[in-house]
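Structural characterization, general
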Amino acid sequence: MMLIQRREMVELVAQHQAQQQFFLDELTKKANAIVGSADAFSQQKNLVIQEILHTNTQMLAENENKLFAQVSKRIQDQFSEMSVDLFQSLETRTFRLMMILLVVQVGVLIASLIL
């Protein structure tokens, strides 16, 4: 009886070890598949990040160009306004200076006529 139980016990242990090995083999296959999927996902993630960075770089360049154009136009407009103001101011001052010189010349002429 003991020999029969012992033989059954050995068979059960061998069967258990075989099942355990089968389970470990299946687990290893699935783990390898998961690791492969994780690697593929990581590569896909990197591609998406690169695409986003590229798109952002393009948009940044476009926005910089638009901003530069707007700033340039504003500077040109301000320069034009300042030039017009300066010219008008210069014109007014020149007219005043000419009037003063005219009054002085008339005064000198009158003084030279009187003397």
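Residues numbered from 1 in each chain as written. Predicted model: local features only at pLDDT ≥ 70, side-chain atom pairs only at ≥ 80, totals over all residues. Heavy atoms only, no water.

A few points about the overall build of the protein
Heads up, the condition is: Segments assigned H or I by DSSP are reported as helices when at least four residues long, segments assigned E as strands when at least two residues long, and all are numbered from the N terminus. Here the radius of gyration uses the C-alpha set of atoms, whereas the globule reference equals 2.2 Å times the residue count to the power 0.38. Residue-level accessible areas treat just the shown protein chains as cover; the underlying method is Shrake-Rupley with a 1.4 Å probe. Charge counting follows a simple rule: Lys and Arg are positive, Asp and Glu are negative, and His as well as the terminal groups are ignored. Where a charge lies is defined by one atom per residue type: Lys uses NZ, Arg uses CZ, Asp uses CG and Glu uses CD.
Secondary structure assignment for the protein yields one helix and zero strands. In terms of overall size, the protein is more extended than a compact globule, its C-alpha atoms giving a radius of gyration of 48 Å where 115 residues would be expected to give roughly 13 Å. The C-alpha extent of the protein, read off along each of the three principal axes, is 165 × 20 × 10 Å. For the protein, the exposed surface amounts to about 11,300 Å²; the carbon and sulfur share of it is 66%. Taking the 10 positively charged and 12 negatively charged side chains of the protein as two groups, their mean positions are separated by 3 Å.

Observations regarding the environment of Ala-33
The test is simple: Burial here depends on accessible area, computed with a 1.4 Å probe over protein chains only, as a share of the maximum for the residue type. Under 20% is buried, over 50% is exposed, and the range in between is partly exposed.
Looking at the element boundaries, Ala-33 is found in helix H1 (residues 2-114). We classify Ala-33 as partly exposed; its relative accessible area is 45%. Each C-alpha atom of the pair Ala-33 and Phe-95 lies 92 Å from the other, and the pair is 62 residues apart in sequence.

Re a nonpolar patch on the surface
We apply this condition: Each patch is assembled from residues with relative accessible area greater than 30% and no salt bridge, linking like charges that lie within 9 Å and nonpolar side chains (Val, Leu, Ile, Met, Phe, Trp, Tyr) that lie within 5 Å. Any carboxyl oxygen of Asp or Glu within 4 Å of a side-chain nitrogen of Lys or Arg constitutes a salt bridge here.
There is a patch of nonpolar side chains on the surface, built from Phe-95, Met-99, Leu-102, Val-106, Ile-110, Ile-114 and Leu-115 and spanning about 770 Å² of accessible area. Mapped onto the elements, Leu-102 comes out in helix H1. Taking relative accessible area as the criterion, Leu-102 reaches 44% and is therefore assigned partly exposed.

Considering the pattern of salt bridges
Taken as a whole, this structure holds two salt bridges when the rule is applied. Across the pair Lys-29 and Glu-26 runs a salt bridge, and its minimum N-O distance is 3.5 Å. A residue pair is termed a helical-turn pair when its members lie 3 or 4 positions apart in one helix, as Lys-29 and Glu-26 do in helix H1 at three residues. In this structure, Lys-73 engages Asp-77 in a salt bridge whose closest nitrogen and oxygen atoms are separated by 3.3 Å. Of this pair, Lys-73 and Asp-77 both sit in helix H1, four residues apart, which is roughly one turn of the helix.

Limitation: the analysis is restricted to geometry and does not speak to function.
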